[in-house]
Amino acid sequence: MSISALYLHIPFCHAKCAYCDFDSRGLRGSALERALADYVPRLIDRIDAFGCAGALRFVDTVYIGGGTPTVLGWALADIVARVRSWCDPVEVTCEANPESFDGSLADALACAGVTRISLGVQSLDDTELVGIGRLHTSARALEALRCARDAGFDVSCDLMCGLPGQTRASWRETLQRLIAERPCHVSVYPLTLEEGTPLARRAEREPALVPSEDFQADCMEESERQLVCAGFHRYEVASYAQPGHACRHNLAYWTGRGYLGIGRSSAGMVDRACADRLAGLFPGLAGRLEAEPDAARVRFVQRDDAAERFDFECLTEREAVAEDLMLGMRLSRGVAAVDLEHATHLCGSHAVDEAVRASRDLGLARWVDEDGGARCLAPTERGWLLGNELYGIFWGLADPS
Ligand code: SF4
């Protein structure tokens, strides 16, 4: 397995949103400048270290996420150029938030080789945006979207449902207004209240702020109705794309391809051979691999700015296969019958047959014939709504008992 996808994490934003528990610090002005002056050179050194080790040679997608990468301004273009000095990716996505994205930055990023902008819109209702502590207005979000489109990017927009004060009518209107702007990709996420966030604390005092699962399910159904009607294809539980505009980078995560994360809180996944080759770049990995001779796949998360501390998770071959099936069930095409057949060699045909039967009996999955004629077990609408149940069935195949 070679590394085909590269993720870079920029853990800074101009301010923290009320619902956010991601690894990002809200900084501005000189405090932000100091933090970036410390962080960015380390990130670039790490890019170069992997480049020198030959690990970036086959990277074909890059995703710069956060946080808010666009708080870097034009320095972001330098990072993209540095990555491109080691590889020739076909897709380079940069996450952006409206308050730190404008036409001149869009042009600079396009010149540096960014191909895709993923814009955090969340809602086009100003009261809802205030309620979750976003810094931008709906007008600013639309302006940013148009700048990205005018610069020639593939534009993806994130929306959230279940926001404080959101109604069916306001959700419908957010969708309609966004679709009218012709993004080529839309992701829809239900709001979750993460412990310790300002919104979760408010919801303890105001139970009405706790998102209703039924309302969120209705919103997801409305999204599908409107987006499909506008020519989008739902290719993953939360992702809709116009033909040819699915996010290749995210598909790499869901189809068992090797990926590398650089930057604090970034994650990666490689096979054993790749982990052995790159062990010198991950303090603690060599010892961990020695202690885990059965590890077929290694996941890692960088825990600090300096890339000195990592968490590792080793998966056996059986666990890796179960993980691939579980992740495959996020996709509209599901998992191919041949992949299920392959899984029987490691997990046993009885266990795999049982998993397939359970997912079908519960109405979570069904057999479909793909365009190319391949038979696939694909999630149903119910399977997507009850994703954890469906994923649990296939992850259960990891357990040999
Ligand atoms: S912009 Fe994104 S990463 Fe930054 S605080 Fe808001 S939700 Fe978190």
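Rules used in this analysis
- Residues numbered from 1 in each chain as written.
- Predicted model: local features only at pLDDT ≥ 70, side-chain atom pairs only at ≥ 80, totals over all residues.
- Helix = DSSP H or I, 4+ residues; strand = E, 2+ residues; numbered from the N terminus.
- Rg over C-alpha atoms; globule rule 2.2 N^0.38 Å.
- Buried ≥ 20, exposed ≤ 12 C-beta atoms within 10 Å, placed from the backbone.
- Contact = placed C-beta atoms within 7 Å.
- Near = placed C-beta within 6 Å.
- Nonpolar A, V, L, I, M, F, W, Y, C, P; charged D, E, K, R; others polar.
- Domains from an automatic or database assignment.
- Axes fitted to C-alpha atoms, helices over the stretch in contact; angles between N-to-C directions.
- Parallel < 35°, antiparallel > 145°, perpendicular 65-115°, else oblique.
- Left-handed = near helix turned anticlockwise from the far one by under 90°.
- Core = buried A, V, L, I, M, F, W, Y, C linked by C-beta atoms within 7 Å.
- Pairing = 2+ DSSP bridges.
- Expected span 1.5 Å × (residues − 1).
- Bend = angle between axes of the 7 residues up to and from the residue.

*Asks:* When you look at the overall build of the protein in this model, what are you seeing that I'm missing?
*Replies:* Looking only at helices and strands, one finds 16 helices and 17 strands in the protein. Taking 401 residues into account, the globule formula puts the C-alpha radius of gyration at 21 Å, and the protein, at 21 Å, falls close to it. For the protein, the C-alpha atoms occupy an extent of roughly 55 × 50 × 45 Å along the three principal directions. Counting every position in the protein, which comprises 401 residues, the buried fraction comes to 43%. Of the contacts made within the protein by residues no fewer than 6 positions apart, 71% connect residues no fewer than 24 positions apart.

*Asks:* Is there a simple way to explain the site of the ligand in this structure?
*Replies:* With respect to spatial proximity, the complete set of residues near the ligand consists of Cys13, Lys16, Cys17, Cys20, Phe22, Ser24, Gly66, Gly67, Thr68, Asn97 and Gly120. For the shell around the ligand, the per-class residue count stands at 4 nonpolar, 6 polar and 1 charged.

*Asks:* Please explain the domain arrangement of the protein as it appears in this structure.
*Replies:* Many authors give the size of an interface as the accessible area that is lost as the parts come together. Each assigned domain of the protein is listed with its residue range as follows: domain 1 (3–250), domain 2 (266–315) and domain 3 (329–398). Computed from C-alpha coordinates alone, the two centres of domain 2 and domain 3 are separated by 29 Å.

*Asks:* How do you make sense of the packing of helix α14 (residues 349–361) against helix α16 (residues 387–395) when you look at a structure like this?
*Replies:* Interhelical geometry of α14 versus α16 gives an angle of 165° and a closest axis separation of 9 Å. Taken together, the axes of α14 and α16 lie roughly antiparallel to each other. For the pair α14 and α16, the crossing hand works out as right-handed. Here Ala355, Ala358 and Ser359 of α14 lie close against α16, whose contacting residues are Leu390, Ile393 and Phe394. Here the contact of α14 with α16 is built from residues that sort into 5 nonpolar, 1 polar and no charged.

*Asks:* Can you help me understand unusual backbone geometry in this one?
*Replies:* With the exception of glycine, most residues fall at negative phi, and the peptide bonds are largely trans. The peptide bond linking Gly66 to Gly67 adopts the cis configuration, its omega dihedral lying at 20°. Phi at Ala307 takes a positive value of approximately 55°, unusual for a residue other than glycine. The buried category is assigned to Ala307, around which 20 C-beta atoms lie within 10 Å.

*Asks:* I keep staring at the nonpolar core and nothing clicks. Help me out?
*Replies:* Soluble, globular proteins show a tendency: their nonpolar side chains are buried together. In terms of nonpolar packing, the biggest core is built from 104 residues, with Leu6, Leu119, Ala148, Cys161, Leu325 and Phe394 touching the most fellow members. It is strand β1 (residues 3–10) that provides the largest number of residues to this core, a total of 6 residues.

*Asks:* Please clarify how the pairing of strand β12 (residues 267–271) should be interpreted in this entry.
*Replies:* Most of β12 is tucked away, with 4 of its 5 residues classed as buried. Across 5 bridges, the pairing between β12 and strand β13 (residues 297–302) is antiparallel. Bridging across to β13, Asp271 finds its partner in Arg297.

*Asks:* Mind showing me how you'd approach the sheet that holds strand β16 (residues 365–369) here?
*Replies:* Strand pairing in a sheet takes place through backbone hydrogen bonds and is either antiparallel or parallel in direction. Strand order in the open sheet formed by 3 strands is β15-β17-β16, with antiparallel pairing between adjacent strands. One side of each edge strand has no neighbouring strand; the edge strands of this open sheet are β15 (335–336) and β16.

*Asks:* Help me understand the pairing of strand β17 (residues 375–379) in this model?
*Replies:* Working note: regular strand, side chains alternate between the two faces of the sheet. Note that β15 and β17 share 2 bridges and pair antiparallel. Along β17, the bridge assignment pairs Val335 with Leu377. Note: β16 against β17, 5 bridges, orientation antiparallel. In the strand pairing of β17, Trp367 is matched with Leu377.

*Asks:* I keep staring at the environment of Asp305 and nothing clicks. Help me out?
*Replies:* Structurally, the position occupied by Asp305 is in the loop between β13 and β14 (310–315). Sequence separation between Asp305 and Arg248 is 57 residues; the distance between their C-alpha atoms is 27 Å. Asp305 has contacts with Tyr39, Arg42 and Arg264, leaving out every residue within four places of it along the chain.

*Asks:* Can you help me understand the packing of helix α1 (residues 29–52) against helix α2 (residues 75–84) in this one?
*Replies:* Each pair of packed helices gets described by two things: the angle between the helix axes and the distance between those axes. Put simply, α1 and α2 touch, their axes get as near as 10 Å, and they point 10° apart. With respect to their mutual orientation, α1 and α2 come out roughly parallel. Within the contact between the two elements, α1 uses Leu36, Val40, Leu43, Ile44 and Ile47 and α2 uses Ala75, Ile79, Arg82 and Val83. For the contact of α1 with α2, the class distribution of residues is 8 nonpolar, no polar and 1 charged.

*Asks:* Where do I start with α1 in this structure?
*Replies:* Every α-helical turn comprises 3.6 residues, leaving residues that sit three or four positions apart pointing alike. With 24 residues, α1 should cover 34 Å at 1.5 Å per step; its first-to-last C-alpha distance of 34 Å lies within 8% of that length. Within α1, the axis deviates most sharply at Leu36, by approximately 25°. Of all the residues in α1, the buried ones are Tyr39, Leu43, Ile47 and Phe50. In the core, the buried residues of α1 are packed alongside β1, α2 and β11 (258–262). Remark: Gly54 follows α1 within two positions and exhibits a positive phi of approximately 80°.

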